[in-house]
Amino acid sequence: MKKTDIEKLQRNNIKNLQPYSSARSEYSGTGAIFLDANENPNNAPFNRYPDPLQLKLKNEIAKIKDVSTDHIFLGNGSDEAIDLLIRAFCQPVTDNILSIDPTYGMYKVCADINEVKFNRILLTGDFQLDVSAMLKMVNKHTKLLFLCSPNNPTSNSFRENDVMKIIDSFEGLVVLDEAYIDFSRHRGFLNKLPEYQNLVILQTFSKAWGLAGIRLGMCFADSRVIAVMNKIKYPYNVNRPALAIALEALVKNKQAKDRWLEEIINERERISKELTKIPCIIRVFPSDANFILVKVKNPGTIYEYLKNKKIIVRDRSKVSLCDGCLRFTVGTAEENDLLLKALEKMD
Ligand SMILES: Cc1ncc(COP(=O)(O)O)c(C=O)c1O
């Protein structure tokens, strides 16, 4: 078991913070006359504040993920968890964060907002981790290390040994973003949580579950890390409709989610193959996610051409190591056919 002194890692002001105590955290029972939270007594159920700790939903997530509820934080998308981790553990100006390049942009944006220096190590030519360069970059002020596997926008997963070497060696918290893990050939690192107190895993309802609109992200970590996040979050950070929709999805829509996953993965494999036959495409990178990165001859022209046909893709050509690249999310079979047909007409 790798031990981590979570108490020591926290910023002092967070350690000493007296958190807000909401009405629903002081009394969470049911069937009472609620005159404590200045709610309107009409318009049930949305007149009532939601459960600040989302226990009903966490109990269902705990069953599916095989972790206990005190190891789960739920937030307004994974983005909330990213921001809270930085606010809890990084002293502005003094501390720093280490991550990779290219990767998901919100780690740097949240670091910048919090005035925390964000250092990045370029991935290798085959989009893998440069572990020794990363570990060399660590200093005593490096509190968080952000990884993303499968990585956005490169779409590949990192080698398990490399990720483990980083978790083993780094003394701060390793935040591993697994937003795309359901589409991956790899099982992810949730099963490592009991052994590593410094491991934090992000997952989301936005991708495989098809619920980007409700803004619900999951964070799995040591219960002391989760307690710090709960201490500083806004009291009712996940709203009642989002809780109800997610609970219904977990209880009733698991088969639909599994069917969508199968369809998306099949489509990913099909269009990855078809894209290699298209003249304007120079290279199709192997994908372990629900999007495909392709290198094209002229990304700006192709992006505009597709946009004029109302097919919107992501131009990633200005991103490190992604020179000339566009990113295509895997859509329905019909949508993907329209994309392929449009691209075939390009030189
Ligand atoms: C790697 C990664 N993490 C997190 C997110 C955002 O997740 P959420 O919708 O839960 O905020 C994205 C969105 O594209 C992503 O690519």
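Residues numbered from 1 in each chain as written. Predicted model: local features only at pLDDT ≥ 70, side-chain atom pairs only at ≥ 80, totals over all residues. Heavy atoms only, no water.

A. Summary view of the layout of surface pockets. The computed volume of the largest pocket comes to approximately 890 Å³. Lining of the largest pocket is provided by 33 residues; of these, Pro50, Asp51, Pro52, Leu53 and Gln54 occupy positions nearest its centre. Residue assignment for the lining of the largest pocket shows that the elements contributing at least two residues are α3 (23–26), α4 (55–65), α9 (223–232) and α10 (240–252). Broken down by element, the lining of the largest pocket gets its largest block of residues, four residues, from α10. Within the lining of the largest pocket, the residues separate by chemical class into 17 nonpolar, nine polar and seven charged. (1 Å grid on protein atoms, 1.4 Å probe; cavity = no way out; pocket = protein on both sides within 12 Å on 5 of 7 lines; lining within 4 Å. Points joined across faces, edges and corners; volume = space filled by probe spheres on them. Helix = DSSP H or I, 4+ residues; strand = E, 2+ residues; numbered from the N terminus. Nonpolar A, V, L, I, M, F, W, Y, C, P; charged D, E, K, R; others polar.)

B. Layout of the packing of helix α5 (residues 77–89) against helix α6 (residues 106–113). Where α5 contacts α6, the two axes come as close as 9 Å, and the packing angle between them is 40°. As summarised for this structure, α5 and α6 are arranged oblique, according to the angle between their axes. Crossing angle aside, the handedness with which α5 passes α6 is right-handed. Across from Asp79, Ile82, Asp83 and Ile86 in α5, the residues of α6 making contact are Met106, Tyr107, Cys110 and Ala111. Its residues placed into classes, the contact of α5 with α6 shows six nonpolar, no polar and two charged. (Axes fitted to C-alpha atoms, helices over the stretch in contact; angles between N-to-C directions. Parallel < 35°, antiparallel > 145°, perpendicular 65-115°, else oblique. Left-handed = near helix turned anticlockwise from the far one by under 90°. Contact = heavy atoms within 4.5 Å.)

C. How the structure looks around the nonpolar core. Ranked by size, the top nonpolar core spans 47 residues in total, and within it Ile61, Leu129, Met134, Leu147, Phe205 and Phe220 carry the most contacts. A domain split of this core shows at least three residues from each of domain 1 (6–252) and domain 2 (255–344). Not counting the four nearest positions on each side in its chain, Ile61 is found in contact with Asp66, Ile72, Leu74, Phe205, Met218, Phe220 and Leu250. (Core = buried A, V, L, I, M, F, W, Y, C linked by side-chain atoms within 4.5 Å. Buried < 20%, exposed > 50% of the residue type's maximum accessible area, 1.4 Å probe, protein only. Domains from an automatic or database assignment.)

D. How the structure looks around the domain arrangement of the protein chain. Split into domains, the protein chain comes out as domain 1 (6–252) and domain 2 (255–344). Computed from C-alpha atoms alone, the centre-to-centre distance between domain 1 and domain 2 is 29 Å. Listed as interface residues are 23 residues of domain 1 and, on the opposing side, 21 residues of domain 2. Summing both sides of the interface, domain 1 and domain 2 together bury roughly 1,900 Å²; the carbon and sulfur share of this comes to 62%. Summed over the shared surface of domain 1 and domain 2, the result is two salt bridges. The partner of Arg185 in a salt bridge is Glu269, and the shortest N-O contact between them spans 3.0 Å. Our count for the contact surface shared by domain 1 and domain 2 stands at ten residue pairs in polar contact (both at pLDDT 80 or more). (Buried area = accessible area lost by both parts, 1.4 Å probe. Salt bridge = Lys/Arg side-chain N within 4 Å of Asp/Glu carboxyl O. Polar contact = N/O pair within 3.5 Å; in protein donor to acceptor, adjacent residues only side chain to side chain.)

E. Geometry of the packing of aromatic side chains. All chains considered together, the criterion is met by seven aromatic pairs. With 4.4 Å between their ring centres and 15° between their planes, Tyr49 and Tyr236 make a pair best called stacked. Here Tyr236 lies in the loop between α9 and α10 and Tyr49 lies in the loop between α3 and α4, a separation of 187 residues in the sequence. Ring geometry for Tyr180 against Phe291: centres 5.0 Å apart, planes inclined by 75°, an arrangement best described as edge-to-face. (Phe/Tyr/Trp six-rings, centres within 6.5 Å; stacked < 30°, edge-to-face > 60°.)

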